[in-house]
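# Secondary and tertiary structure notes
Now for the letters of each chain:
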Amino acid sequence: MGLTSDEIIINGGRPLKGRIEVRGAKNLATKAMVAALLGKTPSVLRNVPNISDVRVVAGLLALHGVLITRGEQGGEWRLDPSNVEVAHQADIDAHAGSSRIPILFCGPLLHRLGEAFIPDLGGCRIGDRPIDFHLDALRNFGAVIEKLPSGISLTAPDGLKGANIELPYPSVGATEQVLLTAVLAEGQTELRNAAIEPEIVDLICILQKMGAIISMEPNRVIFIEGVPELRGYDHRAIFDRNEAASWAAAALATKGDVFVGGVEQEEMMTFLNVFRKVGGDFDVHDDGIRFWHPGGALKPVTIETDVHPGFMTDWQQPLVVALTQAEGQSTIHETVYENRFGFTDALVKMGADIVVYKEGLHDATRRVKRREFEQAAVITGPTPLHGADIEVPDLRGGFSHLIAALTAEGQSKVTNLGIISRGYENFIEKLHLLGADFVYES
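Summary of the structure given here. In this text, all values refer to a predicted model and were calculated from it rather than measured experimentally. (Residues numbered from 1 in each chain as written. Predicted model: local features only at pLDDT ≥ 70, side-chain atom pairs only at ≥ 80, totals over all residues. Heavy atoms only, no water.)

### What about the overall build of the protein?
Definition in use: Labels follow the DSSP assignment, with helices taken as runs of H or I lasting at least four residues and strands as runs of E lasting at least two, numbered in each case from the N terminus. With the radius of gyration taken over C-alpha atoms, the globule rule is written as 2.2 Å times the number of residues to the power 0.38. Residue exposure (1.4 Å probe, protein chains only): buried if accessible area is under 20% of the type maximum, exposed if over 50%, otherwise partly exposed. Throughout, a residue-residue contact means that at least one pair of heavy atoms, one from each residue, lies within 4.5 Å. Neither His nor the chain ends contribute to the count of charged residues, in which Lys and Arg are positive and Asp and Glu negative. Lysine's charge is taken at NZ, arginine's at CZ, aspartate's at CG and glutamate's at CD.
Within the protein, the regular secondary structure consists of 13 helices and 23 strands. Against the compact-globule benchmark of 22 Å for 442 residues, the protein has a radius of gyration of 22 Å, which places it among compact chains. When the backbone C-alpha atoms are referred to their principal axes, the protein occupies close to 65 × 50 × 45 Å. Taken across its 442 residues, the protein has 59% of its residues classed as buried. Partitioning the contacts of the protein with sequence separation of at least 6, the portion at a separation of at least 24 is 75%. Taken together, the 41 basic and 58 acidic charged side chains of the protein have centroids lying 2 Å from each other.

### What to know about the layout of surface pockets
Leftover empty space is mapped by rolling, across the atoms, a probe with the size of a water molecule. The line we're drawing: Only protein atoms enter the 1 Å grid used here. Points where a 1.4 Å probe fits but cannot escape make up a cavity, open sets with protein on both sides within 12 Å along at least five of seven lines make up a pocket, and a residue lines them when an atom lies within 4 Å of a point. Grid points are joined across faces, edges and corners, and a volume is the space filled by probe spheres set on the points.
Here the second largest pocket defines a volume of roughly 310 Å³. Forming the boundary of the second largest pocket are 19 residues, of which Ala-253, Thr-254, Lys-255, Gln-325 and Thr-407 lie nearest the centre. Mapped by element, the contributors of at least two residues to the lining of the second largest pocket are α8 (241-253) and α12 (395-407).

### Comments concerning unusual backbone geometry
Trans peptide bonds make up most of the peptide bonds, and negative phi angles are found at most residues other than glycine. With an omega of 15 degrees, the peptide bond running from His-308 to Pro-309 counts as cis. One can find Pro-309 in the loop between β17 (302-304) and α10 (313-323). Of the consecutive residues Gly-381 and Pro-382, the connecting peptide bond is found in the cis state with omega at 0 degrees. Among the secondary structure elements, Pro-382 is positioned in the loop between β20 (375-381) and β21 (389-391). Residues other than glycine seldom take positive phi values, yet Asn-47 does so here, at roughly 65 degrees.

### Remarks on the sheet that holds strand β16 (residues 288-292)
Under the convention used in this document: Paired strands are those between which DSSP finds at least two bridges. Every axis in this analysis is a line fitted to C-alpha atoms, fitted for helices over the stretch in contact. Angles between the N-to-C directions lie between 0 and 180 degrees.
Ordered by their spatial adjacency, four strands build an open sheet running β2-β14-β16-β15, and the pairing between neighbours is mixed. At either margin of the open sheet sits one strand with a lone partner, and together these are β2 (17-21) and β15 (281-285). For this sheet, the mean angle separating the axes of adjacent strands, direction not counted, is 15 degrees.

### As for the sheet that holds strand β7 (residues 144-148)
With antiparallel pairing, three strands are arranged side by side in an open sheet as β6-β8-β7. Strands with a single pairing partner mark the edges of an open sheet, and in this sheet they are β6 (115-119) and β7. Mean inter-strand twist for the sheet, computed between neighbouring axes without regard to direction, equals 15 degrees. Across five bridges, the pairing between β6 and strand β8 (residues 151-155) is antiparallel. Residue pairing across strands places Pro-119 opposite Gly-151, the latter belonging to β8. Along the sheet, helix α5 (residues 132-141) makes contact with β7 and β8, crossing β7 at roughly 145 degrees.

### Comments concerning the nonpolar core
Counted only if it meets this: Here, nonpolar core refers to any group of buried Ala, Val, Leu, Ile, Met, Phe, Trp, Tyr and Cys residues whose side-chain atoms link them within 4.5 Å.
Judged by nonpolar contacts, the single largest core of 144 residues is most densely connected at Phe-105, Leu-207, Trp-247, Phe-271 and Phe-291. The biggest single contributor to this core is α8, with nine residues. Those residues in contact with Phe-271 that lie beyond four places of it in its chain are Ala-245, Ala-248, Phe-291, Phe-311 and Trp-315.

### Brief notes about helix α2 (residues 52-63)
The condition is simple: Multiplying one less than the number of residues by 1.5 Å gives the expected span of a helix.
The terminal C-alpha atoms of α2 lie 17 Å apart, and with twelve residues this matches the ideal 16 Å at 1.5 Å per residue to within 8%. Taken as a whole, α2 has its buried residues at Ser-52, Asp-53, Val-54, Val-56, Val-57, Ala-58, Leu-60 and Leu-61.

### A few points about the pairing of strand β14 (residues 257-261)
Most of β14 is tucked away: four of the five residues are buried. As paired elements, β2 and β14 share five bridges and run parallel to each other. Bridge assignment links Gly-18 to a residue of β14, and that residue is Val-258. Of the strand pairs in this sheet, β14 and β16 are connected by five bridges, and their pairing is antiparallel. Among the inter-strand pairings, Val-260 is bridged to a residue of β16, identified as Ile-289.

### Quick word on helix α9 (residues 269-278)
Note the cut-off: In this description, the arc belongs to the directions extending from the helix axis to the C-beta atoms.
Turning to α9, its buried residues are Phe-271, Leu-272, Val-274, Phe-275 and Val-278. The buried residues of α9 occupy an angular sector of 165 degrees when projected down its axis, which confines them to one face. Looking at the buried side of α9, the elements it contacts are α8, β15, β16, β17 and α10. Directly beyond the C-terminal end of α9, a positive phi value near 120 degrees is found at Gly-279.

Okay, structure coming up:
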């Protein structure tokens, strides 16, 4: 994404205290909206977050003739795909660079229209995030793909048929691609080495509500029996695990006490274990989880990011800020994206002791098999953080910079905040609710 004009000036050193609410997951809501294209009747999606990624997908759906209306209750969207049509390439191009979701339109549009066009894809610059997994899967279903200077053109002259697919890596996006394509493909699809994140399971639940036949087997295997048609769904999106972990990390780093409403324990178990090992505390309630710093020294940890049920890559960036305040040396092995430690440059500028090893670090006790492109970061603390001027580089890194500014003594100016609004609903309002001292200029 390009630069945005909004900025925030934060006077740090104050603990965050209070209650905020977390709505539906960005990584589910946007995919559920695409799934509505597959139905013959309207769908209703509840608990939708008010974030820019959702608005981008809504705009793309509208370009293709989907009628979108907002419900009376907050976060309720009605999507009517009765009049799906081919969108003009120029209109689609206007969305190029603002989201990676368009690649997931391929299967549904091929089923509905027999053709699809996908513009150049944007998103956070945290790694190559190749779409080869997606394109290879679509070819297996029978799609004919032509790469053009402006994007990718797809057709299905003989329709889409079930396939046997094994992913080289349990990619969330590629798993979603297969699910959204296989449900209406003729015959059976077997997907091996699939992602099994909670958001994937929630998407499967949505598709089953629509009339799909999908079974999850052991060892990351998913079977999909194609059906002739699907109907609309009525579904409440699973909560956003990434936002919940971000506010928890903010509570820990600022020595605060934050109740995150709408969060459930089961999907957070891996994060909660690490949060406790670092020295944070939490209480699980029926309506959310309270996270707080109980006093005393924080402890260093060694973390390896991994696909679910491992420690999510999106969790490590906010937690790094808290680890700058731990007594000792923490190590994070990043095994999912090859360029996710760029955000630490700003933390070093603020006084953190962080060394990034671009080739990774060897460790015989590793649980996750080392990947060729992985990196490692070694954080030595505790180090006092001081205010600085920071430009947000990407979504999770940007929120980490907010946490650092809130933790630091003195004043910080954080610019390019628009990226954060891609995944964090009303985060400025939530900072107010938690007692942060800042001035926001849009």
